[in-house]
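Overview (structure and organization)
Listed below are the residues making up each chain.
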Amino acid sequence: MSLDADAAAETGAGSDGDAVVAELSALVFEVTGRLRAQFNAAAAELGLPPAQALVLTNLSGPAPMRQLADWLSCEPSNVTGIVDGLEGRGLVTRQPAPGDRRVKHVVLTEAGERKRRELRSSAHALATTFFEMPGPDQKHLRDLLARVLTGPPASVDAGSG
């Protein structure tokens, strides 16, 4: 049985359109899983657990702990341990927020900036290999994914397909 037939059978989808949507979903999850595995491998090469690497790579300026929890889709209490680990490595510091000293912002140190550049460079090199295809195909895939993320234009009738 093909991937689309398997997906359609599992979801109860009957039409070709339903089967295509199921296959698209499966493919996107597969791509996401592979990219995550590559990112985690790049992080491991730099001695970073995945959660610390995610914080490091996404932290471009001072950010409150709550924002880090949102990025990681976890409870703020879990972020404390992640930030403790980064702070123990000398990659971040906690600083009081300018408007509210009760709120702590996480800020990259110089060592954290260097580690972030290394991580991004390594992850980019892996992604370049992963998405190795002719330039026009890369741009087309990028444009299609961007369109998916922005959603259909408001003028599109939900019933048309």
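Residues numbered from 1 in each chain as written. Predicted model: local features only at pLDDT ≥ 70, side-chain atom pairs only at ≥ 80, totals over all residues. Heavy atoms only, no water.

**Points about the nonpolar core**
The condition that has to hold: Residues grouped as a nonpolar core are buried Ala, Val, Leu, Ile, Met, Phe, Trp, Tyr and Cys residues, joined through side-chain atoms within 4.5 Å. Exposed residues in this analysis have more than 50% of their type's maximum accessible area, buried residues have under 20%, and partly exposed residues fall in between, with area computed by a 1.4 Å probe over protein chains only. Working definition: helices are DSSP H or I runs of at least four residues, strands are E runs of at least two. Numbering for both runs from the N terminus. Residue contacts are counted whenever heavy atoms from the two residues lie within 4.5 Å of one another.
Judged by nonpolar contacts, the single largest core of 23 residues is most densely connected at L48, L68, L86 and L119. Among the elements of the structure, α2 (16–45), α3 (50–58), α4 (65–72), α5 (76–88) and β3 (104–108) are those that each provide at least two residues to this core. Setting aside residues up to four positions removed in sequence, L119 forms contacts with F39, A42, A43, L46, L48, A53 and T57.

**Some points on the confidence of the model for the chain**
Note the threshold: Per-residue confidence from the predictor is reported as pLDDT, a score between 0 and 100.
When pLDDT is averaged along the chain, the result is 86, and 85% of the positions lie at 70 or above. Per-element confidence in the chain is highest for strand β2 (residues 92–96), whose mean pLDDT is 94, and lowest for helix α1 (residues 3–11), whose mean pLDDT is 53.

**Section: the side chain of T57**
The topology assignment puts T57 in helix α3. If near-sequence neighbours (up to four positions away) are discounted, T57 is found in contact with F39, R116, L119 and R120.

**A few points about the pairing of β3**
This is how the line gets drawn: Following DSSP output, two strands are said to pair if at least two bridges run between them.
Of all 5 residues making up β3, 4 are buried, and the element is well covered by its neighbours. Relative to β3, strand β1 (residues 63–64) is paired through 2 bridges, and the arrangement is antiparallel. By the bridge assignment for β3, A63 is matched with V106. Pairing of β2 with β3, which is carried by 5 bridges, proceeds in the antiparallel orientation. Across the sheet, P96 pairs through a bridge with K104, a residue of β3.

**Some points on the pattern of salt bridges**
What counts, and what does not: The salt bridge definition used is simple: a Lys or Arg side-chain nitrogen within 4 Å of an Asp or Glu carboxyl oxygen.
Enumeration over the complete set of coordinates arrives at 7 salt bridges. Across the salt bridge formed by D84 and R94, the nearest N and O atoms sit 2.7 Å from each other. Note that D84 is positioned in helix α5 and R94 in strand β2, a separation of 10 residues in sequence. Given a relative accessible area of 41%, D84 falls into the partly exposed group. Where R102 meets D100, a salt bridge forms, and the shortest distance between an N and an O atom there is 2.9 Å. Accessibility expressed as a relative area gives 73% for R102, which makes it exposed. Using a relative accessible area of 24% as the deciding quantity, one classes D100 as partly exposed. Through salt bridges that share partners, D84, E87 and R94 make up one connected network.

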